[in-house]
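# Observations on the model geometry
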Amino acid sequence: MSRRWPLALAALLVTGAVAGYHAMIWYVPHAVMQKAYARFNPANRWVHADVLSGSKGSWVPLGNPDIVASRAAYDLSQGPLLLTGSASPDTYWSLTMYDGRSVHFFLVNGEKLAGQPYRIALVRKGDAVAVDRAKAAGAMVAESPTARGYLMQRTFVTPASDFAALKPVRETASIALLN
Amino acid sequence: MRTTQLIGRAAAALAVTAAGFTAGATAAYHWLDSAAATAALRHDIGPWQTMKERAGFTDAFYIAQIARIGPFPNPPGEALYFLAHNDSSGAALQADKTYRVCGRPLPARFWSIAAYDAAGTFFANDAQRSSYTNSNVAMDAPDQFCIIVGPTRSSGNWLPTNGDGRAQLLLRLYQPAADIWPSLTVQTVPSIVEVKS
C-alpha cells in the first residue's frame, strides 16, 4: 500500500485540479449574477441610471459610455411577470434578458416595436399555463430558463436624443406580476 | 496501520486534494481571458478582435469567458464588439503613447469607439470624454474620420488616456448590417497607427 500511496496522492491532486477547474468555470457567471442580484435588490423593479454608463466608472468591465441603462434583477418565484413600457424614439433602444448564468435568451429593440409600447410576459420556461395566460393578455412571451435573472434596457444617447429628454420615456417601464 | 498513520494520510490526502482544487480553479480563472484560450473564439480583422458567434451559447467555458471578459453583451445579430489591444503594426497599445485611429463610417445603425485602461475602466479626464460615436465624431471628409487617442490634448476628435499602463479600444456596432461580415476587412475597419513625436 505504501508504494501506491504517492500514486494515490497524485490522483487526488489531478482530481482536485479538474474539480477546481470546472468549479471555477461554473462559478464565474454565477458570481456575476450574484453581483447583479445584490446591486439590483429588491428584484422586479427597474433602476434607471441617472448618469451615462461609465460616467463615474462602471460595475462591469468595458462599460459603454454612450448608453444610458435601466436595469433590474428579476425573480419568478412569485409567478410570471408582465413588463410594460415604451422604446425611446429616434435612437437605439433594446431590452435584453439574461438568465441565471448571464446568458441572453430574449431581446426586443425599438425597430421591432415600430413605435408601439411593449407588453412582455416573462415566464419560466415550460410553464405552458403562464404562456397561455400571457397570450390571452396579448403580450409577447419571454421564457426564462431560470427562476432568477437580469434585465437591461439600453438607450443610445445622441445629440438628437439627449439624456433629459429620454427620462419620461424610460420611466414608463414597469414590472408587475402577470394577473 | 496505526490510527495516527491513518489520520496523517487522511490529512495529506485532504491537503493534496485542496491544493489541486485551488490550482485548478486559479488556472481556470486566468485561462478564461488568456490569449491562448480566446484564440479559438477570436476573429481578427486588422488590430480588432471579436468573438465568434457560438451556436446556442451553451458552452460552459464560452459562457464563463464572456462573463469574465465583458458580461451581459447584446447578441451578435444586435451588436458586434471589436476589441483592440494592439495597433495596426501589432504593437501593444500604451496609454502614454499617441495613436491616430482613422476609418470610414461603419455599416451599422449606431457605432462608437471607446478607450479603456488595461482593467477595462475609463481614463479619468477633464474633458469627460471616453468615446466617440457616429453622431458626435467630426468627419475629416464625408467618408472618413480620425480620432487622436493619447495623453496630450489635441484639436479635433481626441480620446484622452493617461498613466503608463496598457490601453485598449472597443469598437461597438449596434444593429449592424445583415451582410456586414464580407465588408469588414483590414481596409475597411479603422486603422490604429502610432503618432511618433
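Described below are features of the structure shown in this document. (Residues numbered from 1 in each chain as written. Chains lettered and ligands numbered in written order. Predicted model: local features only at pLDDT ≥ 70, side-chain atom pairs only at ≥ 80, totals over all residues.)

Our focus in this paragraph is the overall build of chain B. Secondary structure summary: chain B contains four helices and 11 strands in total. For 197 residues, the compact-globule estimate of 2.2 N^0.38 gives 16 Å, and chain B exceeds it by more than 25% at 22 Å. Expressed as a percentage of its 197 residues, the buried residues of chain B come to 32%. (Helix = DSSP H or I, 4+ residues; strand = E, 2+ residues; numbered from the N terminus. Rg over C-alpha atoms; globule rule 2.2 N^0.38 Å. Buried ≥ 20, exposed ≤ 12 C-beta atoms within 10 Å, placed from the backbone.)

Time to look at the sheet that holds strand β9 (residues 174-177) of chain A. Residue and element names in this part refer to chain A. If you trace the four strands from one edge of the open sheet to the other, you get β7-β6-β3-β9, paired in mixed fashion. Of all strands in the sheet, those with a lone pairing partner are β7 (140-144) and β9, marking the two edges. Across the sheet, the mean angle from the axis of one strand to that of its neighbour is 25°, orientation sign disregarded. (Pairing = 2+ DSSP bridges. Axes fitted to C-alpha atoms, helices over the stretch in contact; angles between N-to-C directions.)

Tallying the contact residues gives 47 residues for chain B and 43 residues for chain A. Its residues assigned to classes, the side of chain B that touches chain A comprises 28 nonpolar, 15 polar and four charged. (Contact = placed C-beta atoms within 7 Å. Nonpolar A, V, L, I, M, F, W, Y, C, P; charged D, E, K, R; others polar.)

It is worth spelling out helix α1 (residues 3-32) of chain B at this point. Here α1 of chain B contains 30 residues, and its C-alpha end-to-end distance of 43 Å stays within 8% of the 44 Å for a straight helix at 1.5 Å per residue. Every buried residue of α1 of chain B is listed here: T17, G20, F21, G24, A28 and L32 of chain B. Along its buried surface, α1 of chain B packs onto α1 (5-39) of chain A together with α2 (35-39) and α3 (60-69) of chain B. (Expected span 1.5 Å × (residues − 1).)

Take the pairing of strand β4 (residues 93-98) of chain A next. Residues and elements named next belong to chain A. Counted residue by residue, β4 has six buried out of six residues, so it is predominantly covered. Side chains W93, L95 and M97 of β4 all project onto a buried face; the interleaved residues S94, T96 and Y98 project onto the opposite face, where all are buried too. Note that β4 and strand β8 (residues 148-156) share six bridges and pair antiparallel. Residue pairing for β8: Y98 is matched across the bridge by Y150. Bridge count for β4 against strand β5 (residues 104-109) is five bridges, and the pairing is antiparallel. Within β5, the residue paired with S94 across the bridge is N109. Turn length for the β4-β5 hairpin, with the two strands adjacent in sequence and antiparallel, is five residues, and the turn residue S102 shows positive phi of about 70°.

What follows is about the packing of α1 of chain A against α1 of chain B. Contact geometry for α1 of chain A and α1 of chain B: axes closest at 6 Å, N-to-C directions at 40°. One way to sum up the angle between α1 of chain A and α1 of chain B is to call them oblique. Between α1 of chain A and α1 of chain B the crossing geometry is right-handed. Broken down by class, the residue content of the contact of α1 of chain A with α1 of chain B amounts to 24 nonpolar, seven polar and no charged. (Parallel < 35°, antiparallel > 145°, perpendicular 65-115°, else oblique. Left-handed = near helix turned anticlockwise from the far one by under 90°.)

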